[in-house]
Amino acid sequence: MSNPTVIRIDQRTETPVTDLQRKRYGLRYAYARSSDSQSTDDPGQDYLVVVEDGDKLVFALCDGVSQSFYGDLSARFLGEELVKWFWQQPTKDSASLKTSLADQLSAITTTASRLVDQYQIPPDVSPMVKDVLEQKRKLGSETTFITGCLNYSDNSLSLAWLGDSRLRLWNRRGEVSGKFSQTFNTAERWSSLKGIIGELHVATLPLNQIEYLMVYSDGLAVLDETIQHHVRTETLISIMATAQRMPQSDDISFLQVWNSPSRPKEKPAPGVPTNLKIDKGKDRLLLAWKGVRRAEYYEIQSNHLLNRRTSSDQTSMEIPFDNFSEEDTAIFIRAWSDSEPGPWSQSAALPSLPKPIAPPLPPKPRPVQPVQSQSLPPWAGILIGLGALILISSVVMFVFRDRLGATTDEVGVIEDAPSTAPRNETGGDALVQTPGDISLPTKTPLPIITRMNCERSDLPNVICGCPIRGGDTYANPVDTPDSEKVDYVTPSEPGETCYFFDARNNSSTWLRFAPGQEYQGWFQLERINPEPSYIQLPVEIGMPDESEPVVQPTQEKIRKPKFWQITPTPTEETGEQI
Amino acid sequence: MVIGEQGQFGAAKQSQLIHNLQVNPMPYEILATSKTPALIIYLLDVSASMKKPLGGKSRMEVVMDALGAALRQMVFRSTKGSRVAPRYRIAMYAYSDHVYDLLNGIKTVNQVAQLGVPQLSTMRSTDTALAFEQVEKLLYNEIHNLQGSPAPLVCHMTDGEFTGADPEPVVRRIMQMETSDGKVLVENIFISDDILAESFIDPHQWSGILPTTRLSSQYAQKLRSISSPLPHSYQVMMRESGYFIADQAHMMLPGISPALVEMGFVMSMSTPIGGRQ
């Protein structure tokens, strides 16, 4: 066994994709700071370190939490501690690994906290920033991590992780990362103050079962959907460059290790699209190009920020004018096939786009004058005189009411001076129209649960409780940031009652929820079991018609669900709508 | 029941599932970043009545404390290392019978962090329409540069009914201005005892002013009608601060306590941001 080699990235500078091949394994790694950090020449907050000697390889990839105290500090500290610890550890089973690593992660908080306490904040920061940084110091420095050991002497692969950096594994048949799904959580991290926040995840398996693995920080989350297997280095570089162009560009760190004496097989790149033409429509640009064989989709990019993809191998696209900024002057296109992009096409110059016509500003209203400086018009005196006459008459009639035969009720009331305060024209406490021209959401052509099956709940935020069938499986196909951790739900316990929260927002009827939290928000369900149909879902729930009478609460007390509950399968008498 | 995840790294199935569905893209989802900063315009009533007490301090002091806390939180969210990323752009107007530009134009959050919170003194009347006209002019000049950025938000704080022209027409015009992320949002913080029947509200348990909430005064009802509905993304961000506002709530806060005034300013900076919190 040779002396170990240590590879450490420098957080202050970029590391291009770098390969290293040994007899038994090979690796490649890369690191880049966010575009913001590059422009201000600040250190990035990712950290990557690898220790290897030809028979064993240990790595740690850490992503500092930017809103904690100097996330780069904990990322670097923890990365070094993890490789040092893992290098010295004998191979363990999962349970022992989890316990001993958890103990270690707790033990090192003392040293880490001391580092945080001693860290010098630059003296030239403003008082408000200093206040904020001291506030962060009290909360500690935090980071996510993925760490692992590939040990060829006993054919073992040991992995541990905490947070939302990605770990992906492939065997000879394909990707096997699905077994780790649900474990990459943004809320989980290691803290210099508290140690483990969330749940530490570990995995141990025979090393010869794996062909290669990849780990990368969430700054490269675009890889999740873009690549399904090992790709050429040019592809990796290209994807990293695209990620850095995005407004939300974050620090990027990447490591791949392959379990063989040579790189995994690589697929050829598709060809170059040609004849890119841009026509100007009424309010959009019409792009068309000559496609290439094997293309699955095309990527369109401008010289500035615009980046689009076609949903298929179509060779045209329309892009509204307002998607372009003034800095966009040229368009490029490339084809993608089986996770590999081809070269960019020749650019096509953008035609000059009409500037948006801004609505004219309304005329300035008359300035308000102080009352005492305003002279009265001539006819005002007549009105005041009449008013005085009425007032005097009223007083006289009131004083002599008994003699006049009038009752108090019939006497005119002395009018107050008209108020300058605005009056609500609707009066009372009527339901106020939501202001503005907010368009109602588009309704899908799907069956709708009728209100017969809905009951009003006295739970907060719940407008309508509707039953769904126990035993059916429902998928949530809407891929949104909040729901990305949940794709399907199978109600499994009979006798549960289901409640949906009515969105009633200004854009969608869909309902969304997140696991492990109090149900709230909105989501979209699609029934996929028992029938294999991907439609026929009663998704429109709530949005009651304002003119309809409100459904009254049932007499039966409704127990507040801990999460959400499913009713038994409705009988024919209740009229099943699903 | 079982909650599971299908193919975290396989988007193909999800794409097929939604192929035949029509789903409107969600507004107010663009993240505030250095390249796409969020614009927040504060409009602060400094009329004489702001000297009145609220929770042991004057209303003005309560507002400035809450504004300071909101600015510090923006700095907190924008700081990476010791660098404050310009994720937010801020304009601040104080108004009475005149309108005062406190920051001399729009400033980035790092510039405001250098300047600190301005100190204000109370004046006389409440020409709300004039103040909103100034905001309208600012937005008119800015709106076309904001495509691709989060929709701007106007946070109006007042403690009394306006004097002068009715501000409602100009506010409604502002609420019609639109970016690719959605229409301009208007939030109203109304410091008054004459809004709700309740004299005490726990901000961390309160679900907000809904379309059906009974309001005590006509002016409060008017303010509600010119307060935007709370976007879902803002609701999520507020939840992280411990506030559980309902989906249908308006962006209107009854400033009956310092805690609720503070909640109003937290709401003003609840544009979604990138990065781990």
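Scroll up for the structure.
Summary of the structure given here. This structure is a prediction, so every number in the text was calculated from the model and none was measured.

This part is about the overall build of chain B. The helix and strand inventory of chain B stands at 8 helices and 14 strands. Classification of the 277 residues of chain B by burial places 62% in the buried group. Once local pairs closer than 6 in sequence are excluded, the contacts in chain B between residues at least 24 apart make up 76%. When the accessible area of chain B is evaluated, it comes to approximately 9,700 Å², of which 50% is carbon and sulfur surface.

Each helix and strand counted, chain A has 9 helices and 27 strands in total. Looking at chain A alone, contacts between residues at least 24 apart form 68% of all its contacts between residues at least 6 apart. Surface exposure of chain A reaches about 29,600 Å², of which carbon and sulfur atoms provide 54%.

With that out of the way, let us pick up the side chain of S268 of chain B. Residue and element names in this part refer to chain B. When you line up the elements, S268 lands in helix α8 (residues 258-268). Among the polar contacts listed, one links the side chain of S268 to the backbone oxygen of F265, at a separation of 2.6 Å. Contact partners of S268, with chain neighbours within four places excluded, come to I40, Y42, L153, C155 and E187.

Residue and element names in this part refer to chain A. At Y70, a position not held by glycine, the phi torsion is positive, near 45°. Here Y70 lies in the loop between β5 (56-64) and α2 (71-88). Overall, Y70 belongs to the buried group, its relative accessible area being 4%. The phi angle at S339 is positive, at roughly 70°, despite the residue not being glycine.

Turning next to the sheet that holds strand β19 (residues 316-320) of chain A. Picture the strands of a sheet paired through backbone hydrogen bonds; they go either parallel or antiparallel. Residues and elements named next belong to chain A. Across the sheet, 3 strands lie side by side as β15-β16-β19; this open sheet has antiparallel pairing. In this open sheet, the two edge strands, each paired with only one partner strand, are β15 (274-280) and β19. Strand-to-strand twist of the sheet, defined as the mean angle between neighbouring strand axes without regard to direction, takes the value 20°. Note that strand β16 (residues 284-290) and β19 share 5 bridges and pair antiparallel. Within β19, the position partnered with L287 by the bridge is M317.

Scanning the model with the defined rule gives 30 salt bridges over all chains in all. For D55 of chain A, the salt bridge is made with R24 of chain A, and the minimal N-O distance between the two is 2.9 Å. In this pair, D55 of chain A is assigned in the loop between β4 (46-52) and β5 and R24 of chain A in the loop between β2 (15-21) and β3 (26-32), connecting sequence segments 31 residues apart. Residue classification places R24 of chain A among the partly exposed positions, given a relative accessible area of 37%. For R284 of chain A, the salt bridge is made with D283 of chain A, and the minimal N-O distance between the two is 3.1 Å. Overall, the relative accessible area of 28% leaves R284 of chain A in the partly exposed class. Overall, D283 of chain A belongs to the partly exposed group, its relative accessible area being 42%. Here the salt bridges share partners, and the residues they tie into one network are D166, E168, R172 and K222 of chain B.

Rolling a probe over the atoms, with the probe sized like a water molecule, indicates the empty space that remains. Residues and elements named next belong to chain A. Tallied over the entire structure, the rule returns 5 cavities of 30 Å³ or more. Considering only enclosed or pocket space, the second largest cavity measures out at about 70 Å³ in volume. Forming the boundary of the second largest cavity are K56, W85, F86, Q89, P90, T91, K92, L97, C149, N151, S156 and S158. Within the residue set of the lining of the second largest cavity, elements represented by two or more residues are α2, β6 (142-151) and β7 (156-162). Looking at side-chain class alone, the lining of the second largest cavity contains 5 nonpolar, 5 polar and 2 charged residues.

A word on the packing of aromatic side chains. Residue and element names in this part refer to chain A. Per the counting criterion, the structure on display carries 16 aromatic pairs over all chains. Geometrically, the ring pair formed by Y70 and Y119 is tilted, given 4.4 Å between the ring centres and 40° between the ring planes. Linking Y70 in the loop between β5 and α2 with Y119 in the loop between α4 (109-118) and α5 (127-139), this pair joins segments that are 49 residues apart in sequence. On the numbers, 6.4 Å between centres and 20° between planes, the contact of Y216 with F254 is stacked. Here the residue Y216 occupies a position in strand β13 (residues 212-216), and F254 occupies one in strand β14 (residues 252-258), the gap between them amounting to 38 residues. One aromatic cluster is present, built from ring pairs that chain together F69, Y70 and Y119. The ring centre of W336 lies 5.3 Å from the NZ or CZ of R309, which sits over that ring.

Before going further, it helps to spend a moment on the nonpolar core. Counting 102 residues, the largest nonpolar core has Y42 and F265 of chain B as the members making the most contacts within it. The dominant element in this core, judged by the number of residues it contributes, is helix α2 (residues 59-78) of chain B, at 11 residues. Setting aside chain neighbours within four positions, we find F265 of chain B in contact with Y42, L44, V63, A66, L67, A70, C155 and I189 of chain B. The next biggest cluster of nonpolar side chains, apart from the first, holds 54 residues, and it includes V83, W85, L169 and L205 of chain A.

Turning our eyes to something else, we now look at the packing of α5 of chain A against α2 of chain B. Here α5 of chain A crosses α2 of chain B at 65°, and the two axes come no closer than 10 Å. The interaxial crossing formed by α5 of chain A with α2 of chain B has right-handed handedness. Contact residues: α5 of chain A offers M128, V129, V132, Q135, K136 and L139 of chain A, while α2 of chain B offers L71, R72, V75 and F76 of chain B. The residue makeup of the contact of α5 of chain A with α2 of chain B, split by class, is 7 nonpolar, 1 polar and 2 charged.

Attention shifts here to helix α4 (residues 128-142) of chain B. Residue and element names in this part refer to chain B. Taking 1.5 Å per residue, 15 residues should reach 21 Å; α4 reaches 21 Å between its end C-alpha atoms and fits that length. Taken together, the buried positions of α4 are occupied by T128, A129, A131, F132, E133, V135, E136, L138, L139 and E142. Buried residues in α4 make contact with β2 (38-45), β7 (88-95), β8 (99-101), β10 (153-158) and α5 (168-176).

What follows deals with α2 of chain B. Under the 1.5 Å per step criterion, the end-to-end length of α2 of chain B is 29 Å for 20 residues, consistent within 8% with the ideal 28 Å. With 15 of 20 residues buried, α2 of chain B is to be regarded as a mostly interior element.

Thresholds applied
- Starting afresh in each chain, residues are numbered from 1 along the sequence in its written order.
- Numbering of ligands from 1 and lettering of chains from A proceed in the order in which they are written.
- Local features in this predicted model are restricted to residues whose pLDDT is 70 or higher, and side-chain atom pairs enter the listing and the counts only when it is 80 or higher, whereas totals over whole chains, interfaces and linings include all residues.
- Side-chain figures throughout are based on the complete set of non-hydrogen atoms in the structure, without hydrogens or water.
- In this description a helix means any DSSP run of H or I spanning at least four residues, a strand means any run of E spanning at least two, and both kinds are numbered starting from the N terminus.
- A 1.4 Å probe rolled over the protein chains alone gives each residue an accessible area, and that area as a share of the maximum for its type sets the label: buried under 20%, exposed over 50%, partly exposed in between.
- The contact definition used throughout considers only heavy atoms, calling two residues in contact when any of these lie within 4.5 Å.
- Note that accessible areas follow from Shrake-Rupley with a 1.4 Å probe, and for residues the cover is restricted to the protein chains shown.
- Two N or O atoms count as a polar contact when they lie within 3.5 Å, although within protein this holds only if one can serve as hydrogen donor and the other as acceptor, and sequence-adjacent residues are included solely when both atoms are side-chain atoms.
- Think of it this way: DSSP has to see at least two bridges between two strands before they count as a pair.
- Angular values range over 0 to 180 degrees, each being the angle between N-to-C directions of two axes fitted as lines to C-alpha atoms, with helices fitted over their stretch in contact.
- The working definition used for a salt bridge is a side-chain nitrogen of Lys or Arg within 4 Å of a carboxyl oxygen of Asp or Glu.
- Grid points spaced at 1 Å over the protein atoms alone were grouped into cavities, where a 1.4 Å probe fits but cannot get out, and pockets, open sets with protein on both sides within 12 Å along at least five of seven lines, with lining residues defined by an atom within 4 Å of a point.
- Grid points are joined across faces, edges and corners, and a volume is the space filled by probe spheres set on the points.
- Under the scheme applied, nonpolar residues are Ala, Val, Leu, Ile, Met, Phe, Trp, Tyr, Cys and Pro; charged residues are Asp, Glu, Lys and Arg; polar residues are all the others, including Gly.
- Aromatic rings from Phe, Tyr and Trp, with only the six-membered ring used for Trp, were paired whenever their centres fell within 6.5 Å, and each pair was classed as stacked if the ring planes differed by under 30 degrees, edge-to-face if by over 60, and tilted otherwise.
- Consider the ring centre and the ring normal. A charge sits over the ring if Lys NZ or Arg CZ is within 6 Å of that centre and within 35 degrees of that normal.
- Residues belong to a common nonpolar core when they are buried Ala, Val, Leu, Ile, Met, Phe, Trp, Tyr or Cys residues joined through side-chain atoms within 4.5 Å.
- Here is the rule for handedness: rotate from the far helix to the near one, and if that takes an anticlockwise turn smaller than a right angle the crossing is left-handed, while a clockwise turn gives right-handed.
- Expected span, for any helix, means 1.5 Å times one less than how many residues it has.

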